[in-house]
Amino acid sequence: MQDLLELAVGATASGCIYGLIALAYLLMIRPTGIINFAVGEWAMIGAFGGYVLLTKYEWPYPAGMAVVVAFLCVVGWLTERIAVRPLIERGAPLLAPILALLGMLVVFRETISVSFPPDPMPVPFAFEIQDQKYFIIAVTLAVFAGAWFFFERTLWGKSFEAVALNRRAAALMGINLTRVTAFSFAAGAGVAGLGGLLVAPNVSAQYLMGVPLAIQGFTALVIGGVGRVEGALLGGFLLAFAEQLTIRYAPIPGGYAQGVPLLFLIVFLLVRPSGLLKAKA
Amino acid sequence: MRFWGAVAVLLFAGSCLAQETIKIGLITDRVGISKPYSEPATEGAIFGAEEINRKGGILGKKIELLIEDDQSRPDISAALARKLVDQGAVFIISLSLSPATQQQQTVTMEAKTPQMTPMNSADYLTTQLDNPYFWQTGPLGSIQIATLLAHARAKNFKRVALITDNSDLGQAIAKAFKGTLEKAGIQIVADEVVSRGATTAMPQMQKIRAANPEAMFLAGVLTAENVLIFRAYKELGVKFPIHSSYNLSVPIYETVAKGLVNGVTFVDAYDPDKPEVKAFVAAYKKGTGKDSQNLHGYGYDGVMLIADAIRRAGSTDKEKIRAAMQQTNYAGVMGAKGMKYSFADGKRAGFDPNGMVVRVYEKDRQGRVVHVGTK
């Protein structure tokens, strides 16, 4: 029972990280239809931001956190301007920006790789080591509450929903598609960077941390569905609990438990491709 | 006038000869998963080449390192080996992951070009391919576990746990650990894997705690995942001792695992009290202005071993270098006090089985040597 309780807290915290990365995907997919696998690299940049500001320059945690998130928002906005908008304006098919963003993934990773030493870099905990899980959970819930409020209660959020439902009709209604796209990338990068910053004290800031996070977040998104904000968090929780309970309790060799996320991904894509939560009518 | 013309011709010919270099190919990993190991080892190799050149080179010629980055990817590694052979490299030094080094052998064997790795530890590198042009001087995985076991023998363990990561090297070392432990009649009561990119190692450590081992052997080589293991170990408050692979010899643990590794014993090929190490540390500091670490020593020893072989061969003829390399008898930076690299008849793995040491972390620093060799 003690094991289960310890695992429940740990899996919830891991699920929050997966959920944040899934939310970053969702913020961009909803209005644009673009799957941006560079979210993992944005998380990595967030982690290195934590190393620079919190470890190297010893900034207070709240200030460091705010600057990291703001910086990532700028990175996301710039990414949209450089790799997405020119292609959309030229009428390129949807696959073109997705491939361009894969190229950006490599650019981000290599930039960090050559700018920092090869070893994992330490990032401090916000509080004590044992309280970090609760901090991750609290921050994530606050972010999701904010995202829910934005989409459900604000005019801007409604315009996002309108673009998600029908891009052309939304444009005809006077919604600025360019601004919505730019905002979605900025917000997506901010959320991904926050996820990277929160997980960094555990896994350290390292240049190869992006791709696993991108896969975990994408799997969580497929499980939860892109229709609703809550889906990203639900998918994150389900994935983390499935992973950790399998490792702990399933009578299979340790190495095989790594296949659980991929199994989940395949099953959901085959059986329920729209995810657990469907978009509201 | 004719005299000065002859002098000018001689000077020109002399300068042409002076510009001739001995090309040594170096394949490293600058962006892939082996970068944390490959980069310092490469710095050590470059420092070694510079030191040799400062002292006049080998056979009157300077060493020229031709450096390539294979990202630890076997698929491009062989192509780079071919490129280096075509560029005239008389020797190739491999400083990326073992699978990439293995792939390079397909080229060096066919091109009859000497190749060596001073840092790879996979046991299969000299056994799977019968390549007389390849040597391995890094400590083998099997030597690591034998050394750790020799240290732990006094404790008479009957039940231990094994934990690793899912990297190629982590799996290879775990396999070597497992084979040796089972051969010694020690039961492995838990055998866990932490996958790359995991955010916690809590479930694995809970499983190990439930199996109630007397000690845990850590075979993982991914620093971040190892830190997760230490964090879960501390959070769960378990007390069994941890014996680790050489990965803990990377000094970064003193920073990223602060407060988590004290008391952990780890196998190393580096004795800070060894005279060769003291000389290397001082020379490296003087030459580069930076502090050295054990990984620099691997690359440094690699270049020095190659230079020693070429010097004894008295020529850059690859066949003569091959014959000289096989006769190596050289004391380098790595290895316990008094250890010399050498290759027994028919063998091409040259790290002395009794050349490793066991050290312990104390006050967040890599501390004293507590054991030497496999006896």
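This structure is a prediction, so every number in the text was calculated from the model and none was measured. (Residues numbered from 1 in each chain as written. Chains lettered and ligands numbered in written order. Predicted model: local features only at pLDDT ≥ 70, side-chain atom pairs only at ≥ 80, totals over all residues. Heavy atoms only, no water.)

A. How the structure looks around the pairing of strand S1 (residues 21-28) of chain B. All names here are of chain B. The buried fraction of S1 is high, at six of eight residues. Inspection of the sheet shows S1 paired to strand S2 (residues 62-69) by eight bridges, in the parallel sense. Within the sheet, the bridge partner assigned to Lys23 lies in S2 and is Glu64. You can see the chain leave S1, run along helix H2 (residues 35-54) and come back into S2, and the turn it takes is right-handed. Of the pairings in the sheet, the one linking S1 to strand S3 (residues 91-94) comprises four bridges and is parallel in character. The residue of S3 that forms the bridge with Ile24 is Phe91. (Buried < 20%, exposed > 50% of the residue type's maximum accessible area, 1.4 Å probe, protein only. Helix = DSSP H or I, 4+ residues; strand = E, 2+ residues; numbered from the N terminus. Pairing = 2+ DSSP bridges. Right-handed = clockwise from strand over helix to strand, strands pointing away.)

B. Broad picture of the packing of helix H1 (residues 2-32) of chain A against helix H9 (residues 210-224) of chain A. Residues and elements named next belong to chain A. At their nearest, the axes of H1 and H9 sit 7 Å apart, and the two run at 75 degrees to each other. When the axes of H1 and H9 are compared, the pair comes out roughly perpendicular. Contacts between H1 and H9 pair Ile17, Tyr18, Ile21, Ala22, Tyr25, Leu26 and Ile29 from the former with Leu213, Ala214, Gln216, Gly217, Phe218, Ala220 and Leu221 from the latter. (Axes fitted to C-alpha atoms, helices over the stretch in contact; angles between N-to-C directions. Parallel < 35°, antiparallel > 145°, perpendicular 65-115°, else oblique. Contact = heavy atoms within 4.5 Å.)

C. Looking closely at the nonpolar core. Of all hydrophobic cores here, the largest spans 187 residues; its most connected members are Leu23 and Trp42 of chain A together with Met205 of chain B. Per-element accounting of this core gives the leading share, 16 residues, to H1 of chain A. Each residue touching Met205 of chain B, except ones within four places of it in the same chain, is listed here: Ile163, Met216, Ile229, Ala232, Tyr233, Leu236, Val238 and Phe240 of chain B. Grouped together as the second largest cluster of nonpolar side chains are ten residues, Ile27, Leu80, Ala89 and Val107 of chain B included. (Core = buried A, V, L, I, M, F, W, Y, C linked by side-chain atoms within 4.5 Å.)

D. Spatial organisation of the sheet that holds strand S9 (residues 242-244) of chain B. All names here are of chain B. One open sheet holds the seven strands; their spatial order is S7-S6-S8-S9-S10-S13-S14, and the pairing between them is mixed. Bordering the open sheet on either side are strand S7 (187-194) and strand S14 (365-372), each of which pairs with just one other strand. Averaged over all neighbouring strand pairs, the angle between strand axes comes to 25 degrees, with direction disregarded. The sheet contact formed by strand S10 (residues 265-268) and strand S13 (residues 357-362) spans four bridges and is antiparallel. The residue of S13 that forms the bridge with Thr265 is Val360. Those strands touched by helix H6 (residues 168-183) are strand S6 (159-165), S7 and strand S8 (215-218), and its axis lies near 165 degrees from that of S6. Its contacts with the sheet place helix H7 (residues 202-211) against S6, S7 and S8, and it is angled at close to 175 degrees to S7.

E. Looking closely at the environment of Val74 of chain A. Considering the arrangement of structural elements, one finds Val74 of chain A in helix H3 (residues 61-89). Sequence separation between Val74 of chain A and Ala214 of chain A is 140 residues; the distance between their C-alpha atoms is 20 Å.

F. Seen up close, helix H3 (residues 74-86) of chain B. Residues and elements named next belong to chain B. The first and last C-alpha atoms of H3 sit 19 Å apart over 13 residues, in line with the 18 Å expected at 1.5 Å per residue. Every buried residue belonging to H3 is among Ser77, Ala78, Leu80, Ala81, Leu84 and Val85, and all of these are buried. For H3, the buried positions fall inside an angular range of 160 degrees around the axis, keeping them on one side. Exposed residues lying more than 90 degrees from the buried face of H3 are Asp75, Ala79 and Asp86. Each element contacted by the buried residues of H3 is listed here: S1, S2, S3, helix H4 (98-111) and helix H12 (318-326). (Expected span 1.5 Å × (residues − 1). Arc of directions from axis to C-beta.)

G. Molecular detail of the pairing of S13 of chain B. Residues and elements named next belong to chain B. Taking burial as the measure, the six residues of S13 include five buried ones, the bulk of the element. Pairing of S13 with S14, which is carried by five bridges, proceeds in the antiparallel orientation. Considered in S14, the bridge of Tyr361 is made with Gln366.

H. Main features of a nonpolar patch on the surface. All names here are of chain A. Together, Met1, Leu4, Leu5, Leu245 and Tyr249 make up an exposed nonpolar region whose accessible area comes to about 520 Å². Listed by contribution, the elements that provide at least two residues to the nonpolar patch are H1 and helix H10 (229-249). Mapped onto the elements, Leu4 comes out in helix H1. By relative accessible area, which is 37% here, Leu4 ends up partly exposed. (Patch = residues over 30% accessible without salt bridge, like charges linked within 9 Å, V, L, I, M, F, W, Y side chains within 5 Å. Areas by Shrake-Rupley, 256 points an atom, 1.4 Å probe, with all protein chains shown as cover. Salt bridge = Lys/Arg side-chain N within 4 Å of Asp/Glu carboxyl O.)

I. View of the sheet that holds S3 of chain B. Residues and elements named next belong to chain B. Strand order in the open sheet made by the five strands is S2-S1-S3-S4-S5, with parallel pairing throughout. Of all the strands in the sheet, just S2 and strand S5 (134-136) have a single pairing partner and so form its edges. Along the sheet, successive strands turn relative to each other by an average axial angle of 20 degrees, direction set aside. Taken strand by strand, helix H11 (residues 294-313) contacts S1, S2, S3 and strand S4 (115-117), and its axis lies near 160 degrees from that of S3.

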